[in-house]
Amino acid sequence: MSTYIKFFFIIFFKSLLYVLAVMICLVFILNLLGELEFFRNTNADIYFTLFLAFLNSPSMIFEMFPFIFLITSQLFFVKLLNNNQLETLKYSGLKNSKILSILTTISFFTGILIVLIFYNFSSNLKNIYLELKSPFTNDGKYLAVVTKNGLWIRDKIGENTIVINSSKIDNNYLIDNFITIFDEKYNVLKNINSNKIDITNYEWLVYDPKIYKKNNYESKEIIILNTNFNYKRIQSLYSNLTSLSVFELYELRENYKKLNYSITDVDLQLLKLFTNPFYLVLMSLFSALLMIKIKQVSSTALKISLGLFFSVVIYYINNFFFVLGSTEKLSILFSIFTPLIMLTFINIFMLNRINEK
């Protein structure tokens, strides 16, 4: 049995490396075209765009791993079906179910390594990518981030730069705020202290502000602060979660809780990562069962095309439930596990009489 496992291990990883190499090339080219289009009206160096395309590629590859595993499993069985190797293994006493168990075991442990190593590697590169590209984006002068010290916002109105620090979000209100307004040379024009700010609209309502300007101090009932942010925009400008490692996601989750901000997106990302090895196993198993069921079809291109068709269908179903979860139309657990359960039942149905094939 150890000989068979080694044999399958070599075939699987040769297929995986081949598919991965093709996908890396395709993703890099698509990224490069996107970066060239983005920087077409700037003087950015070609080597800079190449570097950005390289940095952004791993995070996209990570999202494609379910389909990479599906195609890998198809190539795995294509090699076994060539020269009737699958029939030879069957006559040697190795049933289809045993081959599938070995394949899924390899997929599961490979999936764990992908989450622990590849994802953290890709998230670090994604973070560098966002930092390098941020100055060239329209929102490069705006910033909204969450740290242990609360919510920090940097805004720019005319020649002035505004920095806001808030301890908490309560519905459409920022609580316990300190605002500093700088001129174009970053000289402090004034500081504003307020316990409550209504951020429903772009014109913030600052309640009971205490205004410190040079040596002067004044207090008012309410003032209006013009900004480029409202409540909806603040929610959408937090860190790109794919640029955060697993440990950073946990840290961000704790900071969100302290800020009273929704942790739905972070929990979805974490649960997605934790279930990723199982997702890869189910995709590999589905692909393997499909190949066994249609092994009589002689055209390899048709088999691969059929697998790609189903992978697209599975992707859109999975993405549909993920969006429902992120918008809180469904619970987090339901949105993540429903596609996996559906795929599990499909695989169970296809497993019927598999050793007779």
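Structure: above.
Sequence order as written defines residue numbering, which begins from 1 separately in each chain. Owing to the predicted nature of the model, reporting of local features is limited to residues with pLDDT of at least 70; listing and counting of side-chain atom pairs is limited to 80 or more, with chain, interface and lining totals taken over all residues. As a rule here, side-chain values cover all heavy atoms of the structure and leave hydrogens and water aside.

A. Region of interest: the overall build of the protein chain. What the protein chain contains, in helices and strands, is nine helices and nine strands. The globule rule used here is 2.2 Å times the number of residues to the 0.38 power, and the radius of gyration it is set against is calculated over C-alpha atoms. In terms of overall dimensions, the protein chain is more spread out than a globule: its C-alpha atoms have a radius of gyration of 26 Å, far above the 21 Å expected for 357 residues. Expressed as lengths along the three principal axes of its C-alpha atoms, the size of the protein chain is roughly 90 × 45 × 30 Å. Here a residue-residue contact requires only that any non-hydrogen atoms of the pair lie within 4.5 Å. Of all intrachain contacts in the protein chain linking residues separated by at least 6 positions in sequence, the fraction that spans at least 24 positions is 61%. In this description, accessible areas are obtained by the Shrake-Rupley approach with a 1.4 Å probe, and a residue is regarded as covered only by the protein chains that are shown. Looking at the protein chain as shown, the accessible area adds up to about 19,400 Å², and 61% of this sits on carbon and sulfur atoms. As used throughout, the charge tally considers Lys and Arg to be positive and Asp and Glu to be negative, leaving His and the chain termini uncounted. Every charge is mapped onto a representative atom, which is NZ of Lys, CZ of Arg, CG of Asp or CD of Glu. Within the protein chain, the 25 negative side-chain charges are centred at a point lying 12 Å from the centre of the 33 positive side-chain charges. Strands here are runs of E lasting at least two residues and helices are runs of H or I lasting at least four, both read from the DSSP assignment and numbered beginning at the N terminus.

B. Layout of the packing of aromatic side chains. Between 30 and 60 degrees the pair is tilted, below 30 it is stacked and above 60 it is edge-to-face, where a pair is any two Phe, Tyr or Trp rings, Trp via its six-membered ring, whose centres lie within 6.5 Å. Applying the stated criterion across every chain yields a total of 23 aromatic pairs. Ring geometry for Phe 12 and Phe 13: centres 5.4 Å apart, planes at 85°, overall edge-to-face. Residue Phe 13 is classed as partly exposed on the basis of its relative accessible area of 23%. Where Phe 108 meets Phe 278, the ring centres are 5.3 Å apart and the plane angle is 55°; that geometry is what we call tilted. Here Phe 278 lies in helix H7 (residues 264-293) and Phe 108 lies in helix H4 (residues 96-133), a separation of 170 residues in the sequence. On the basis of relative accessibility, which here comes to 25%, the residue Phe 108 falls in the partly exposed class. For every residue, the accessible area (1.4 Å probe, protein chains only) is compared with the maximum for its type, and the residue is labelled buried under 20%, exposed over 50%, or partly exposed between those bounds. Classification of Phe 278 as partly exposed rests on a relative accessible area of 46%. Within the aromatic cluster, the residues linked to one another by ring pairs are Phe 9, Phe 12, Phe 13, Phe 62, Phe 65, Phe 69, Phe 118, Tyr 119 and Phe 121. Across the ring face of Phe 38, the terminal group of Lys 133 is positioned such that the distance to the ring centre comes to 4.2 Å. Against the face of Tyr 173 rests Lys 196, its NZ or CZ located 4.3 Å from the ring centre. Look at NZ for Lys and CZ for Arg. If either is within 6 Å of the ring centre and within 35 degrees of the ring normal, a charge sits over the ring.

C. Region of the structure containing a nonpolar patch on the surface. What goes into a patch is any residue over 30% in relative accessible area without a salt bridge, connected to like charges within 9 Å or, for nonpolar side chains (Val, Leu, Ile, Met, Phe, Trp, Tyr), within 5 Å. For this analysis, a salt bridge means a side-chain nitrogen from Lys or Arg found within 4 Å of a carboxyl oxygen belonging to Asp or Glu. There is a patch of nonpolar side chains on the surface, built from Ile 29, Leu 30, Leu 33, Leu 36, Ile 46 and Tyr 47 and spanning about 630 Å² of accessible area. Residue assignment for the nonpolar patch shows that the elements contributing at least two residues are helix H1 (2-38) and helix H2 (46-81). With four residues, the single largest contributor to the nonpolar patch is H1.

D. Representation of H2 within the structure. Multiplying 1.5 Å by the residue count of a helix minus one yields the expected span of that helix. Its 36 residues give H2 an end-to-end C-alpha distance of only 45 Å, which falls more than 12% under 52 Å, the value for a rise of 1.5 Å per residue. At every residue, the bend is computed as the angle between two fitted axes, covering the seven residues ending there and the seven beginning there respectively. Met 64 marks the point of greatest bend in H2, at about 55°, and the proline Pro 66 comes within the next four residues. A large share of H2 lies buried, amounting to 26 of its 36 residues. Think of a polar contact as two N or O atoms within 3.5 Å of one another; within protein, one of them needs to be a possible hydrogen donor and the other a possible acceptor, and neighboring residues in sequence only count if both atoms come from side chains. Its side-chain oxygen placed 2.7 Å from the backbone nitrogen of Tyr 47, Asp 45 serves as the N-cap of H2.

E. Layout of the packing of H4 against H7. Where H4 contacts H7, the two axes come as close as 9 Å, and the packing angle between them is 150°. By the criterion of interaxial angle, the relationship of H4 to H7 is roughly antiparallel. You can see that H4 and H7 cross each other, and the crossing is right-handed. Residues Asn 96, Leu 100, Leu 103, Thr 104, Ser 107, Phe 108, Gly 111, Ile 112, Ile 114, Val 115 and Tyr 119 of H4 pack against Gln 269, Leu 273, Asn 276, Pro 277, Phe 278, Leu 280, Val 281, Ser 284, Leu 285, Ala 288, Leu 289 and Ile 292 of H7. Inter-axis angles, ranging from 0 to 180 degrees, are taken between N-to-C directions of lines fitted to C-alpha atoms, where helices are fitted over the stretch in contact. Small angles under 35 degrees read as roughly parallel and large ones over 145 as roughly antiparallel, with 65 to 115 read as roughly perpendicular and the rest as oblique. With the far helix as reference, a near helix turned anticlockwise by less than a right angle produces a left-handed crossing, and one turned clockwise produces a right-handed crossing.

F. Spotlight on the environment of Leu 130. Its place among the elements puts Leu 130 in helix H4. Overall, Leu 130 belongs to the partly exposed group, its relative accessible area being 28%. For Leu 130, the contacting residues outside a window of four places in its chain are Asn 240 and Ser 243.

G. Expanded view of the nonpolar core. As used here, the term nonpolar core means buried Ala, Val, Leu, Ile, Met, Phe, Trp, Tyr and Cys residues forming a set that is joined through side-chain atoms within 4.5 Å. Judged by nonpolar contacts, the single largest core of 80 residues is most densely connected at Phe 65, Phe 76, Phe 77 and Trp 204. Membership of the second largest hydrophobic core comes to five residues, among which are Phe 39, Leu 55, Leu 125 and Tyr 129.

H. Expanded view of unusual backbone geometry. The phi dihedral of Asp 176 falls on the positive side, at around 60°, and the residue is not glycine. With respect to the helices and strands, Asp 176 occurs in strand E4 (residues 173-182). Unlike most non-glycine residues, Tyr 186 shows phi in positive territory, near 65°. With respect to the helices and strands, the residue Tyr 186 is situated in the loop between E4 and strand E5 (188-198). On the accessibility criterion, Tyr 186 (53% relative accessible area) is exposed.

I. Representation of the pattern of salt bridges in the model. Under the criterion given, the structure shown has four salt bridges. Salt-bridge contacts for Lys 272 lead to Glu 63; the nearest nitrogen and oxygen are separated by 2.8 Å. Note that Lys 272 is positioned in helix H7 and Glu 63 in helix H2, a separation of 209 residues in sequence. For Arg 253, the salt bridge is made with Asp 267, and the minimal N-O distance between the two is 2.5 Å. Highlighted residues: Arg 253 in helix H6 (residues 246-259) and Asp 267 in helix H7, separated in sequence by 14 residues. Look at Asp 267 and you get buried, because its relative accessible area is 17%.

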